[in-house]
Amino acid sequence: MGSFALSDAERAAWQAGLLDSAMDAIVTVDEGQRIVLFNRAAERIFGWTAPQALGRHVEMLLPPRLRSETAGARQLAAAGRGLRAAGEEFPLEASLSRVQTHEGELATLVVRDVSDRVQAQQELAAFAAEASSAREQEKARIARELHDELAQMLTALKMDVNWLRDHLEEHGAGAKLAQMLGLLDQAVGATRRIAADLRPLVLDDLGLVPAIEWLAAGFTQRHGVACELRVDESLQLQEPHATAIFRIVQESLANVGKHAHAHQVAVCLGRDESEVLLRVQDDGAGFWLAEPRKASSLGLAGLRERARLLRGTLAIATAPGEGTCIEVRIPLERQAGARVAEARPQR
């Protein structure tokens, strides 16, 4: 077969066709950060025509709040945000490559508009948050029914059995009735425990701070581990933030009780103008974060998920023999501020 060669004009046209058929924006700048190439996808994504963009500084594609004296292709690639001609900001992903030519260095950006992906992620997060809220509401309904109906019926039944025991002693039924009373006591206790695990009524009836105090007291009673609280008495959070904080404290204390072998744990809850800060710290065994995930580590994954649903962050500091500190930060808009209170050990 014979060789196939393109003329310079044909090669330039072929390359231009490739650039214009690309799905991603391709923007090339010179050493002065002036745009020298702007393909059709760039026109579509940024809203400028090539003639409008060529020769202008690449900072025109960067939101003003992200510009600096050294703004250029590198900053646009790292910013993760772009600016359309109409003034609209949008999320982007970009890669940057450089090539040296006889006229100087050229930097080429390959830019992808990820607005649809980000919107889908936000909608998914909102759906997950709504689903979590719906689960909590259903738990609250079941817990209320267990507490208000089943527990009360069991209590009434126990009173009736007490009456029978008092009136049937002479027929030898006392021992059997005493056994029945014991089972009823266990049933009442189990009902109340299940109701509290599903949704502690103190959280709905009295608020977050009394609910955390109840958690700490119950933790100390069950595990014999002192729990120190630093919680502002005046702290009030709206839903779903109150439930999320409560569940994170609940699950953190459960992890301490199961795995830490601690002698003391401290719970600190406060906030500033923009976020709530929760810290749960113990003096227990600790662990290596880099170790492969164990079945017990699913509790930590649950904590991260609860924080993530509210666009918060969770950090864990731990090492073998040095205890564990879990710190959660959750943004809170349009809620009143609060102070961090003095420590109050739970006995």
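For the structure, check the block above.
Residues numbered from 1 in each chain as written. Predicted model: local features only at pLDDT ≥ 70, side-chain atom pairs only at ≥ 80, totals over all residues. Heavy atoms only, no water.

Novice: For this particular structure, what's the right way to read the environment of Ala290?
Specialist: Note that Ala290 resides in the loop between β8 (275-282) and α10 (298-309). Its relative accessible area of 78% is what places Ala290 among the exposed residues. Residues Ala290 and Ala319, spaced 29 residues apart in sequence, show a C-alpha to C-alpha distance of 10.0 Å. (Helix = DSSP H or I, 4+ residues; strand = E, 2+ residues; numbered from the N terminus. Buried < 20%, exposed > 50% of the residue type's maximum accessible area, 1.4 Å probe, protein only.)

Novice: Just to check I follow, could you spell out the pairing of strand β4 (residues 89-101) for this structure?
Specialist: Every regular strand shows the same layout, with side chains that alternate between the two sheet faces. Strand direction decides the pairing type here: strand β3 (residues 81-83) and β4, joined by three bridges, are antiparallel. When the sheet's bridge partners are listed, Arg81 is paired in β4 with Pro91. Where β3 folds back onto β4 in an antiparallel hairpin, the turn is made up of five residues, including Gly87, whose phi is positive at roughly 95 degrees. Pairing between β4 and strand β5 (residues 104-113): 10 bridges, direction antiparallel. Pairing of Val99 across the sheet is with Leu106, part of β5. Hairpin connection, β4 to β5: the antiparallel pair is bridged by two residues. (Pairing = 2+ DSSP bridges.)

Novice: Even after reading the chapter, I still don't get the side chain of Arg84, so can you show me in this structure?
Specialist: Relative to the helices and strands, Arg84 is located in the loop between β3 and β4. A polar side-chain atom of Arg84 sits 2.7 Å from the main-chain carbonyl oxygen of Ile45. Within polar-contact distance, the side chain of Arg84 engages the side chain of Asp113 at 3.0 Å. Setting aside anything within four residues of it in sequence, one finds Arg84 in contact with Ile45, Phe46, Trp48, Phe90, Asp113 and Ser115. (Polar contact = N/O pair within 3.5 Å; in protein donor to acceptor, adjacent residues only side chain to side chain. Contact = heavy atoms within 4.5 Å.)

Novice: Looking at this structure, I do not really get the packing of aromatic side chains. What am I missing?
Specialist: By convention here, two paired aromatic rings are described through the distance between centres and the angle between planes. Under the definition given, this model contains two aromatic pairs. Between Phe38 and Phe46, the aromatic rings sit 6.3 Å apart at their centres with planes inclined by 40 degrees, giving tilted as the arrangement. We classify Phe46 as buried; its relative accessible area is 0%. With a centroid separation of 5.6 Å and an interplanar angle of 65 degrees, the aromatic rings of Phe46 and Phe90 are classed as edge-to-face. Residue Phe46 is located in helix α2 (residues 40-46), and its partner Phe90 is located in strand β4; the two are separated by 44 residues in the primary sequence. By the burial criterion, Phe46 is buried, and Phe90 matches it. Cluster of aromatic residues (ring-pair linked, three or more members): Phe38, Phe46 and Phe90. In this structure, Arg56 packs its charged tip against the face of Trp48, placed 4.9 Å from the ring centre. (Phe/Tyr/Trp six-rings, centres within 6.5 Å; stacked < 30°, edge-to-face > 60°. Lys NZ or Arg CZ within 6 Å of the ring centre and 35° of its normal.)

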